[in-house]
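Given next are the chains, with one letter for each unit.
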Amino acid sequence: MNIDIPEGRDAIEYVWGEMIPGIGPAASRFSMAVYAHTTLGLREFEAARLRIAQINGCVFCLDWRTERDGEKVEDGFADAVAQWRTTGAFDDRTRLAAEYAERYALDHRGLDDEFWTRMTARYSQPEIVELSMSLGSWLAFGRLNHVLGLDTVCVLTRGPSPSGTRADAT
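Rules used in this analysis
Residues numbered from 1 in each chain as written. Predicted model: local features only at pLDDT ≥ 70, side-chain atom pairs only at ≥ 80, totals over all residues. Heavy atoms only, no water. Core = buried A, V, L, I, M, F, W, Y, C linked by side-chain atoms within 4.5 Å. Buried < 20%, exposed > 50% of the residue type's maximum accessible area, 1.4 Å probe, protein only. Helix = DSSP H or I, 4+ residues; strand = E, 2+ residues; numbered from the N terminus. Contact = heavy atoms within 4.5 Å. Polar contact = N/O pair within 3.5 Å; in protein donor to acceptor, adjacent residues only side chain to side chain. Phe/Tyr/Trp six-rings, centres within 6.5 Å; stacked < 30°, edge-to-face > 60°. Lys NZ or Arg CZ within 6 Å of the ring centre and 35° of its normal. Salt bridge = Lys/Arg side-chain N within 4 Å of Asp/Glu carboxyl O.

Undergrad: How should I be thinking about the nonpolar core in this particular structure?
TA: The biggest cluster of nonpolar side chains holds 25 residues, and the ones touching the most others in it are Met119, Leu131, Leu135 and Trp138. Taken together, the elements giving at least two residues each to this core come down to α2 (24–36), α3 (42–56), α4 (59–63), α6 (92–106), α7 (113–122) and α8 (125–148). Excluding residues within four positions of it along the chain, Met119 makes contact with Leu96, Tyr100, Ile128 and Leu131. Grouped together as the second largest cluster of nonpolar side chains are 11 residues, Leu42, Leu50, Val73 and Ala78 included.

Undergrad: Sorry if this is basic, but what is going on with helix α1 (residues 11–19) here?
TA: An α-helical turn contains 3.6 residues, so any two residues separated by three or four positions project in the same direction. Within the sequence span of α1, burial applies to Ala11, Ile12, Tyr14, Val15 and Trp16. Where α1 is buried, its residues meet α2 and α8. Measuring from the side-chain oxygen of the N-cap residue of α1 to the backbone nitrogen of Ile12 gives 3.1 Å; that N-cap residue is Asp10.

Undergrad: Is there a simple way to explain the packing of aromatic side chains in this structure?
TA: What describes a pair of aromatic rings is the distance from one ring centre to the other and the angle between the planes of the rings. Here the structure, examined in full by the defined rule, presents 10 aromatic pairs. Their ring planes at 20° and their centres at 6.2 Å tell us that Phe60 and Trp64 sit as a pair that is stacked. The exposure class assigned to Trp64 is buried, which follows from its relative accessible area of 14%. Measuring from ring centre to ring centre gives 5.3 Å for Phe77 and Phe90, while their planes differ by 50°; the resulting arrangement is tilted. On the criterion of sequence distance, the pair formed by Phe77 in helix α5 (residues 77–82) and Phe90 in the loop between α5 and α6 is long-range, its members being 13 residues apart. Taking the relative accessible area as the measure of exposure, Phe77 reaches 1% and is therefore buried. In this structure an aromatic cluster arises from ring pairing among Tyr100, Tyr104, Phe115 and Trp116. In this structure, Arg68 is placed above the aromatic ring of Phe45, and the distance from its NZ or CZ to the ring centre is 5.0 Å. The ring of Tyr123 has Arg93 lying over it, and the distance from NZ or CZ to the ring centre is 4.0 Å.

Undergrad: What am I meant to see in the pattern of salt bridges here?
TA: Pairing is possible between side chains of opposite charge, provided their charged atoms come close. All told, the structure shown has 13 salt bridges when counted by the stated rule. Glu74 is the partner of Arg43 in a salt bridge, and the nearest nitrogen-oxygen pair spans 2.6 Å. Taken together, the positions of Arg43 in helix α3 and Glu74 in the loop between α4 and α5 put the pair 31 residues apart, joining distant regions of the chain. Its relative accessible area of 37% is what places Glu74 among the partly exposed residues. Across the pair Arg49 and Glu46 runs a salt bridge, and its minimum N-O distance is 2.6 Å. Of the two residues, Arg49 and Glu46 are both situated in helix α3; the distance of three residues between them amounts to about one turn of the helix. Both residues of the pair, Arg49 and Glu46, count as buried. Each member of the salt-bridge network shares a partner with another, and the members are Glu99, Arg103, Asp112, Glu114 and Arg118.

Here it is, written out as structure tokens:
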């Protein structure tokens, strides 16, 4: 870990909840809101989330799978995300979500008219904004956890899923 955590304290709770009280809890609420209030389908949501996790290298995020109403993406989904350009496992929206995640993280200035034509043909304006906010959350907070060394000790807080049941979220 790259920061000091008081002995006996949970690293995630301390950093996200107490260390910077004016920022950490607000960041945590935003992060949880991405999971609790999404309108995106599970596969496109997970394709985007996992692509950011692959880019960030966040150990916990790579292992995590979002669950909705008892459903998760299939085994091998993460491998398909890594091969989003060529996989036969994705429909157009899922493939585009993975592409957007990668370009958002690595080449946001290269999001050209051709990309936006494809994006707006498959996603509504509110969905694009929602996906963009989600990507920003995962990019920032997954990278924060990885850089500080928290990703190997990450225990997620509990928050409501879109179905109203409880689901983990960072």
